[in-house]
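# Structural features, examined
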Amino acid sequence: MQPIKIDLLINSQWIIPVVPENRIFENCALAIDQQKIVGIFPQTEAARRFEASSVINMDNHILMPGLVNAHGHAAMSLLRGYADDQPLEPWLEQHIWPVENRFLSEKFVADGTKLAMAEMIKTGTTCFADMYFFADS
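So, here's what we can say about the structure. (Residues numbered from 1 in each chain as written. Predicted model: local features only at pLDDT ≥ 70, side-chain atom pairs only at ≥ 80, totals over all residues. Heavy atoms only, no water.)

### Comments concerning the overall build of the protein chain
Regarding its fold elements, the protein chain presents three helices and six strands. Secondary structure of the protein chain in N-to-C order comes out as β-β-β-α-β-β-α-α-β. For 137 residues, the compact-globule estimate of 2.2 N^0.38 gives 14 Å, and the C-alpha radius of gyration of the protein chain, at 22 Å, exceeds that figure by more than 25%. If one aligns the C-alpha atoms of the protein chain with their principal axes, the spans along those axes are about 70 × 30 × 20 Å. (Helix = DSSP H or I, 4+ residues; strand = E, 2+ residues; numbered from the N terminus. Rg over C-alpha atoms; globule rule 2.2 N^0.38 Å.)

### As for the layout of surface pockets
One number sums up the size of the largest pocket: a volume of about 220 Å³. Considering the residues around the largest pocket, the lining is formed by 15 residues, among which His73, Ala74, Met76, Ser77 and Arg80 are closest to the centre. Of all the secondary structure elements, the ones that give two or more residues to the lining of the largest pocket are strand 5 (67-72), helix 2 (88-103), helix 3 (106-122) and strand 6 (125-130). Per-class residue counts for the lining of the largest pocket are eight nonpolar, four polar and three charged. (1 Å grid on protein atoms, 1.4 Å probe; cavity = no way out; pocket = protein on both sides within 12 Å on 5 of 7 lines; lining within 4 Å. Points joined across faces, edges and corners; volume = space filled by probe spheres on them. Nonpolar A, V, L, I, M, F, W, Y, C, P; charged D, E, K, R; others polar.)

### A word on the packing of aromatic side chains
With the rule as written, the count across this model stands at two aromatic pairs. Ring geometry for Tyr132 versus Phe133: centroids 5.1 Å apart, planes at 65°, classification edge-to-face. (Phe/Tyr/Trp six-rings, centres within 6.5 Å; stacked < 30°, edge-to-face > 60°.)

### Digging into the pattern of salt bridges
Oppositely charged side chains may form a pair once their charged atoms are brought near each other. Tallied over the entire structure, the rule returns three salt bridges. Here Glu119 ties to Arg80 by a salt bridge, and the two come within 2.7 Å at their closest N and O atoms. In this pair, Glu119 is assigned in helix 3 and Arg80 in the loop between strand 5 and helix 2, connecting sequence segments 39 residues apart. The exposure class of Arg80 is exposed, given its relative accessible area of 55%. (Salt bridge = Lys/Arg side-chain N within 4 Å of Asp/Glu carboxyl O. Buried < 20%, exposed > 50% of the residue type's maximum accessible area, 1.4 Å probe, protein only.)

### Examining the sheet that holds strand 4 (residues 50-63)
With mixed pairing, four strands are arranged side by side in an open sheet as 3-2-1-4. The open sheet has two edge strands with one neighbour each: strand 3 (36-42) and strand 4. Shown here is a sheet whose adjacent strand axes are inclined to one another by a mean of 20°, direction ignored. The pairing of strand 1 (residues 4-15) with strand 4 spans 10 bridges and is classified as parallel. The residue bridging Leu9 from the neighbouring strand is Val55, located in strand 4. (Pairing = 2+ DSSP bridges. Axes fitted to C-alpha atoms, helices over the stretch in contact; angles between N-to-C directions.)

Structural data, given as structure tokens:
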């Protein structure tokens, strides 16, 4: 059988897909062609079945869909750890709101959001919904 030409083959120690649910594939490959997933195959089968333009080997990695942060205040990354041992109302009323009144600006939000985005990218978050001041920043 002639190998099928595809764009990309990603070999990974573990693959955790959305479908099928609750499955972890070990030592498998994700086959991708024309920006679409062709399938998940054992690495040895994928090597026989496909001729990929590019192959990525991730021997000690998990390959999974990106995470989604559905509720965030990204700019508050600059306040991480500030009075974090307080109950909600005292934390907000006595600590967060006063510090926001003093320091909150469009630049503060832009800088804090950039920091949060870098951290999210590093940890696998691919999209987020934010609800904080200066939304355009």
